[in-house]
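Single-letter residue listing:
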Amino acid sequence: MSRGLPSASRTKMKDYVLAMAPLLIPTMLIITLLQSPLPIFKQWIDHFSGMPIARGADDEADSLDTIGSQLLAHVIVALFGFIATNKLVPHIKQYNLRKGIAGKDLGKRGTVTADEPIPEALGIVPGAVFLVCLIFCLVGYAASHPSKLLDVNSALLSICFMLFLGFTDDVLDWPWRYKLFLPTVASLPLLCCYTGSTSIVIPIQMRSLLWKDGSGTALGDALGRLMIVIDANADGALVDLRYLYFMYMGMLAVFCTNAINIYAGINGLEAGQSYVIGCAILVHNLIELHFGHMPENHLFSTMIMLSFVGVTAGLLRHNWYPASVFVGDTYCYFAGMTFAVVAILGHFSKTLLLFFIPQIINFLYSVPQLFHMVPCPRHRLPHFNPLTGKMSASTFKCKPGQYKWLKRHADDTEAPNMTVICLCLRLLGPMTEQDLCLVLLALQAVCCAFGFFCRYCLAYVIFES
């Protein structure tokens, strides 16, 4: 009899540990903010039973109790979202199979499972459960934050629109021109109710380019003709972008929805990268809540992100290698718009881009293929070798001497596809699909950590503290 756990059990335990790793820091921060949940439960019981609640004299303590009470409620709703998504995905996928909404795993060509149909567009399940969770949260949130009710409703409208667009794209396969235009329309409810500042802080090292000796420079005057206002009282430290800032936020929504969609193609990557980014956003919001910076905005963002991380974790269990379901464009658009919503309405859109470093690199590296300066196959998935069970960088055919800057040898008749996935395989060599996904998610986590370093350390060198 063999000792220890069976191989399948060890693998499953390893997957659980890896899944819990991104949640470790958010969990510790939530526990710090909650302090003790028992008094909060007692307050809830007293409230619903009609008993008077004893309040302390310290307003700050009352504020902390309010934040703790709402955080605990949002955590419970997020747990519900995880359980509901995890239970519903196996049932809903049968409906997709019956309706023919299924595909084949192109990353398993040449294996016995290559021809098995795998249900697609299962992102509709976490999307629908997420909306239910958000509506539950809305009941309590609207009572304590009536001024944010418009923000919550606009967030629901934008996310609903993108969830609908993603599902119809999975069914109807929309052309790319619609995928670029419609997210802009979906972002309009967010932009209409945005009441925050449209000013940005200029790095210390660049302020002399706009303002010098008490007056604007030539560059500052040129920007003024574009209706960009330089704050004279701040000596060039603040620049009001006005309508350009709204254009930036609209473009952010388009980028987030499509960046996840093009950085995909292997089991677990779409849901996995969204899970890591969601946990990073949670950490950022909880840190800001801990220090009391704009608590209303960051509590709003935390409410949305807790439910999002919960439903994403439920989906990731079924999308992890070997995937039993595909998330489809439905999930990619839903996840991207959710990130854009919390960043715009939570007023940390620039910080969000620090968590999207791999997606930004992937987009910039893919530009020659996306704009057809270089041939772009319909599928740029890694090549799978059924004999070794490993993946290698996929290629496109070309003539000898073409695209020398992409090839290792100028006379090669094939050049590698321009994605971070293929670049990783070229640098690290062939690897299994699961190991490749883990490497890419580790890269995502490292980039998020670097984003925190930029946000909380490097920013004090570039801007005033």
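What counts and how
- Residues numbered from 1 in each chain as written.
- Predicted model: local features only at pLDDT ≥ 70, side-chain atom pairs only at ≥ 80, totals over all residues.
- Heavy atoms only, no water.
- Salt bridge = Lys/Arg side-chain N within 4 Å of Asp/Glu carboxyl O.
- Helix = DSSP H or I, 4+ residues; strand = E, 2+ residues; numbered from the N terminus.
- Buried < 20%, exposed > 50% of the residue type's maximum accessible area, 1.4 Å probe, protein only.
- Core = buried A, V, L, I, M, F, W, Y, C linked by side-chain atoms within 4.5 Å.
- Contact = heavy atoms within 4.5 Å.
- Phe/Tyr/Trp six-rings, centres within 6.5 Å; stacked < 30°, edge-to-face > 60°.
- Pairing = 2+ DSSP bridges.

Under the definition given, this model contains eight salt bridges. A salt bridge links Asp115 to Lys104, with the nearest nitrogen and oxygen atoms 3.9 Å apart. Of the two residues, Asp115 sits in the loop between strand S1 (102-103) and strand S2 (118-119) while Lys104 sits in the loop between S1 and S2, which places them 11 residues apart along the sequence. The same class applies to Asp115 and to Lys104, which are both exposed. For Glu433, the salt bridge goes to Lys108, with nearest N and O atoms at 3.5 Å. Placement of Glu433 in helix H16 (residues 433-462) and of Lys108 in the loop between S1 and S2 is noted, with a sequence separation of 325 residues between them. Among the ionic contacts, a cluster of salt bridges with common partners joins Asp105, Lys108 and Glu433.

Core analysis: the biggest nonpolar cluster contains 113 residues, and Ile304 and Phe339 have the highest contact counts within it. If sequence neighbours within four positions are ignored, Phe339 has contacts with Ile260, Ser274, Ile277, Gly278, Ile281, Met305, Phe308, Leu352 and Phe356. One finds Phe396, Cys398, Tyr403 and Leu406 within the second-largest nonpolar core, a separate group that totals seven residues.

Another aspect to go through is the environment of Gly429. Relative to the helices and strands, Gly429 is located in the loop between helix H15 (420-428) and H16. Overall, Gly429 belongs to the buried group, its relative accessible area being 18%. When the C-alpha positions of Gly429 and Phe80 are compared, they lie 41 Å apart, and in sequence the two are 349 residues distant.

With that settled, consider the packing of aromatic side chains. Per the counting criterion, the structure on display carries 18 aromatic pairs. Plain terms: the ring middles of Tyr194 and Phe246 are 5.9 Å apart, the flat faces sit at 90° to each other, and that makes the pair edge-to-face. With a gap of 52 residues between them, Tyr194 in the loop between helix H7 (176-192) and strand S3 (199-201) and Phe246 in helix H9 (residues 243-262) connect regions that are remote in the sequence. Seen from their ring centres, Phe452 and Tyr456 are 6.3 Å apart, and the 15° between their planes marks the pair as stacked. Residue Phe452 and its partner Tyr456 are located together in helix H16, separated by four residues, close to a single helical turn. Take Tyr456: its relative accessible area is 21%, and that puts it in the partly exposed class.

Our next topic: the sheet that holds strand S7 (residues 238-240). Strands sit in the order S3-S7-S6 across an open sheet of three strands; the sheet is antiparallel. Two strands close off the open sheet at either side, each with one partner strand: S3 and strand S6 (229-230). With two bridges joining them, S6 and S7 adopt antiparallel strand pairing. Residue pairing in the sheet places Ile230 in a bridge with Val239 of S7.

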